[in-house]
Amino acid sequence: MRALMPLQLHDTLTRGSRTLTPLDGKTLRFYCCGPTVYGPAHIGNFRTFVAQDVFRRVVEMGGIPTLHVRNLTDVDDKTIRDSQKAGQSLTDFTHFWTEKFHADCAALNLLPPHVEPSAIAHIPHQIRMIEVLIQRGHAYAAADGSVYFKVSSYKDYGRLSHLEDRELKLGASDAAGAMDNDEYTKDSLADFALWKARKPEDGPNFWPSPWGDGRPGWHLECSAMSLEYLGEDFDVHSGGIDLIFPHHENEIAQSCCSTHGKFAHHWFHAAHLMVDGGKMSKSLGNLYTLEDLQKRGFHAAEVRYVLISGHYLTPLNFTFHSLESARQGTQKLAKFEKALTAILGSAPSVTRDKLIAHGPGALFADAWKCLNHDLNVPGALGAVFGAVNKTKPAGLTADEARSVWMGLHFILEAIGVKLPPVIDEAAVEVPADIAELAEKRWQAKQSKDWPAADAYRKELDALGWIIKDNKDGYQAVRK
């Protein structure tokens, strides 16, 4: 077995890079905040989930087993509100969107978590945690039956987000107004809900508790479920950067005050995804789902490629041009792999364990170093293409071609990219409506009607086609 390469990963808590080694010396245990299942996840959500997937893959390809827990939020204000609008039970409504999420994860080649607990299934665990917090003086019940965490009882509150006391209070107040609307029943604006008393607008969605009917606060579920499946101390906690405050700050407080452990020992957060240099929003019409992009002719593998193409600590700017670049990149690698396979006669039949035992080889060693240096996927991709550009498959022996194939697939497995078939542009059938638009564009160009030609080009682009002009005519090519 080859020597392991330690993974260096940025830690949000210490704001520095740290070497990751399992606390128990055996298995790296990590918790990821999962989706709220009230609608389709968008590509901004998947930027985080894909980053977490690369993290897990790099750890495992380095020879370390993992225990990956990712929750499902199936009860909160949004799921209750939208299930009632849809005229469905909360269970049926959230099951539908959970299945949609799983389908998108599979298309994007995300490894399924080892454990995927839901909030509703763990309400008894959350109630037990609240009882402990009350007993220890860290929580209190209000007159209406709600229960709140007493932030002033935990002196380390704010250490993850590095916010000053005044900022914490203002931030908690904003969060309360947006999510809880309970500022008048709390002792302090900074306190947050552990249990929310039943309200008429909740309909049939409530559960009994020692404090009356209601439901858990949003923050509590992750603390209860990580404790159940990972214990009081575990290696890594992950999520989007928007969850640092107040969600993860509240998790730390709840968990540390209800147990004797330190909770998560390393914090891993992914930065935001932007679209065309701006914020994603429904009002701007740029809140894309995987299905939206597939309808435009793009493949899930190309979407994943874009989502890993920027460093996870840096905001990533999504554009349709980046999807076109992803297609070109995956096609180049697919053609290189096809040339190697031609030398071998057929693709090697190998298991993941055999890839791990082989490693990246000399040719892709730099790419593997980049991945172990804070998951630098852009650097790894650059190293891969550098290696491909300097390698001529025709000059390789069968043994050399097999080693290169294994090294390439080791890196592809580490970043989770499945190469598509090589596109035979000449064999792609052009639909009649596309052919008609392409001809109109060509005739407009011949007439020097540039505005019309450009309008037809944009229409074709939106439908997933580009036009390649030459001296004798043009060719319509699927993006």
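As shown above, the structure is provided for reference.
Residues numbered from 1 in each chain as written. Predicted model: local features only at pLDDT ≥ 70, side-chain atom pairs only at ≥ 80, totals over all residues. Heavy atoms only, no water.

Comments concerning the overall build of the protein chain
So, point 1. What the protein chain contains, in helices and strands, is 16 helices and 16 strands.
So, point 2. In terms of C-alpha radius of gyration, the protein chain reaches 26 Å, essentially the compact-globule figure of 23 Å for 479 residues.
So, point 3. Taking the principal axes of the C-alpha coordinates as reference, the protein chain spans close to 80 × 60 × 40 Å.
So, point 4. The 479 residues of the protein chain split such that 52% are buried.
So, point 5. If you sum the accessible surface of the protein chain, you get close to 21600 Å²; carbon and sulfur atoms cover 53% of it.
So, point 6. Counting 52 positive and 59 negative side-chain charges, the protein chain places the averaged centre of each group 5 Å from the other. (Helix = DSSP H or I, 4+ residues; strand = E, 2+ residues; numbered from the N terminus. Rg over C-alpha atoms; globule rule 2.2 N^0.38 Å. Buried < 20%, exposed > 50% of the residue type's maximum accessible area, 1.4 Å probe, protein only. Areas by Shrake-Rupley, 256 points an atom, 1.4 Å probe, with all protein chains shown as cover. Lys, Arg positive; Asp, Glu negative; His and termini not counted. Charge placed at Lys NZ, Arg CZ, Asp CG, Glu CD.)

Structural notes on the environment of proline 246
So, point 1. With respect to the element layout, proline 246 can be found in helix H7 (residues 244-258).
So, point 2. Using a relative accessible area of 16% as the deciding quantity, one classes proline 246 as buried.

Digging into the nonpolar core
So, point 1. Grouped together as the largest cluster of nonpolar side chains are 74 residues, with contacts concentrated most on Phe55, Phe318 and Leu371.
So, point 2. With residues up to four places along the chain from it excluded, the contact list for phenylalanine 318 reads Ile43, Leu273, Met274, Val275, Asp276, Tyr288, Leu293, Val306 and Leu323.
So, point 3. Judged by nonpolar contacts, the second largest core, of 36 residues, contains Ile123, Ile127, Leu194 and Leu230. (Core = buried A, V, L, I, M, F, W, Y, C linked by side-chain atoms within 4.5 Å. Contact = heavy atoms within 4.5 Å.)

Description of helix H3 (residues 90-107)
So, point 1. Taking 1.5 Å of rise per residue, the 18 residues of H3 would be expected to cover 26 Å, and the 26 Å separating its terminal C-alpha atoms lies within 8% of that figure.
So, point 2. Regarding H3, the residues found buried are Leu90, Phe93, Thr94, Trp97, Thr98, Phe101, Asp104 and Cys105. Buried positions in H3, seen along its axis, are confined to an arc of 125° and lie on one side of it. Exposed positions of H3 whose direction lies more than 90 degrees from the buried face are Thr91, Phe96 and Ala106. (Expected span 1.5 Å × (residues − 1). Arc of directions from axis to C-beta.)

Considerations on helix H15 (residues 432-446)
So, point 1. Taking 1.5 Å as the rise per residue, H15 with 15 residues should run 21 Å; its terminal C-alpha atoms sit 21 Å apart, in good agreement.
So, point 2. At the C-terminal side of H15, lysine 448 shows a positive phi close to 60°.

Re the pattern of salt bridges
So, point 1. Scanning all chains against the criterion turns up 25 salt bridges.
So, point 2. As a salt-bridge pair, arginine 215 and aspartate 77 come within 2.5 Å of each other at their nearest N and O atoms. Placement of arginine 215 in strand S8 (residues 214-216) and of aspartate 77 in helix H2 (residues 77-85) is noted, with a sequence separation of 138 residues between them.
So, point 3. A salt bridge links arginine 198 to aspartate 213; the shortest N-O distance between them is 3.7 Å. Highlighted residues: arginine 198 in the loop between strand S7 (192-197) and S8 and aspartate 213 in the loop between S7 and S8, separated in sequence by 15 residues.
So, point 4. Judged by relative accessible area, which is 44%, arginine 198 ranks as partly exposed.
So, point 5. Members of the salt-bridge network, linked through shared partners, are Asp53, Arg56, Arg57, Glu60, Arg304, Arg352 and Glu413. (Salt bridge = Lys/Arg side-chain N within 4 Å of Asp/Glu carboxyl O.)

Some remarks on the state of the cysteines
So, point 1. One pass over the structure, following the stated rule, counts 0 disulfides.
So, point 2. Sulfur of cysteine 105: no disulfide; nearest cysteine sulfur belongs to cysteine 32 and is 11 Å away.
So, point 3. Of all cysteine sulfurs in the structure, the one in cysteine 256 sits closest to cysteine 257, which takes part in no disulfide; the separation is 6.8 Å.
So, point 4. When its relative accessible area of 5% is taken as the criterion, cysteine 257 is described as buried. (Disulfide = S-S within 2.5 Å.)

Description of the side chain of threonine 341
So, point 1. Here threonine 341 lies in helix H10 (residues 320-344).
So, point 2. Under the relative-accessibility criterion, threonine 341 is labelled buried at 18%.
So, point 3. Once residues within four sequence positions are removed from consideration, threonine 341 is found in contact with Ser346, Ala347 and Trp405.

Describing the sheet that holds S7
So, point 1. In spatial order, the strands read S5-S6-S7-S8; together these 4 strands make up an open sheet with antiparallel pairing. The open sheet has two edge strands, strand S5 (139-141) and S8, and neither has a second partner. Strand-to-strand twist of the sheet, defined as the mean angle between neighbouring strand axes without regard to direction, takes the value 20°.
So, point 2. Together, S5, strand S6 (147-149), S7 and S8 form the strand contacts of helix H4 (residues 123-135), whose direction differs from that of S7 by roughly 120°. (Pairing = 2+ DSSP bridges. Axes fitted to C-alpha atoms, helices over the stretch in contact; angles between N-to-C directions.)

Observations regarding the packing of aromatic side chains
So, point 1. In this structure the tally under the stated criterion is 18 aromatic pairs.
So, point 2. Centroid distance tryptophan 195 to tryptophan 211: 6.2 Å. Interplanar angle 55°. Geometry classified as tilted. Placement of the pair is tryptophan 195 in strand S7 and tryptophan 211 in the loop between S7 and S8, with a sequence separation of 16 residues.
So, point 3. Using a relative accessible area of 18% as the deciding quantity, one classes tryptophan 211 as buried.
So, point 4. Ring geometry for tyrosine 288 versus phenylalanine 320: centroids 5.4 Å apart, planes at 75°, classification edge-to-face. Here tyrosine 288, found in the loop between strand S13 (273-275) and helix H8 (290-295), pairs with phenylalanine 320, found in helix H10; they are 32 residues apart in sequence, far enough to count as distant. Each member of the pair, tyrosine 288 as well as phenylalanine 320, carries the same accessibility label: buried.
So, point 5. Chaining the aromatic ring pairs together yields one cluster made of Phe30, Phe55, Phe268 and Tyr312.
So, point 6. For the cation-ring pair, arginine 70 lies above phenylalanine 49, with the distance from its terminal atom to the ring centre recorded as 5.9 Å. (Phe/Tyr/Trp six-rings, centres within 6.5 Å; stacked < 30°, edge-to-face > 60°. Lys NZ or Arg CZ within 6 Å of the ring centre and 35° of its normal.)

Structural notes on the packing of helix H1 (residues 43-61) against helix H14 (residues 398-415)
Relative placement of two packed helices is described by the angle separating their axes and the distance separating the axes.
So, point 1. Running from amino to carboxyl end, H1 crosses H14 at an angle of 140°, the nearest separation of the two axes being 7 Å. One element, H1, and the other, H14, form an angle in the oblique class. For the pair formed by H1 and H14, the contact residues are Val54, Arg57, Val58 and Met61 on the first element and Phe410, Glu413, Ala414 and Ile415 on the second.
So, point 2. In the contact of H1 with H14, the residues fall into 6 nonpolar, no polar and 2 charged. (Parallel < 35°, antiparallel > 145°, perpendicular 65-115°, else oblique. Nonpolar A, V, L, I, M, F, W, Y, C, P; charged D, E, K, R; others polar.)

Details of unusual backbone geometry
So, point 1. In the segment running from phenylalanine 245 into proline 246, the intervening peptide bond is cis, with an omega of 5°.
So, point 2. Of note in the backbone geometry, leucine 375 takes a positive phi value of approximately 50° without being a glycine.
So, point 3. Position of leucine 375 among the secondary structure elements: in the loop between helix H12 (365-372) and helix H13 (377-389).

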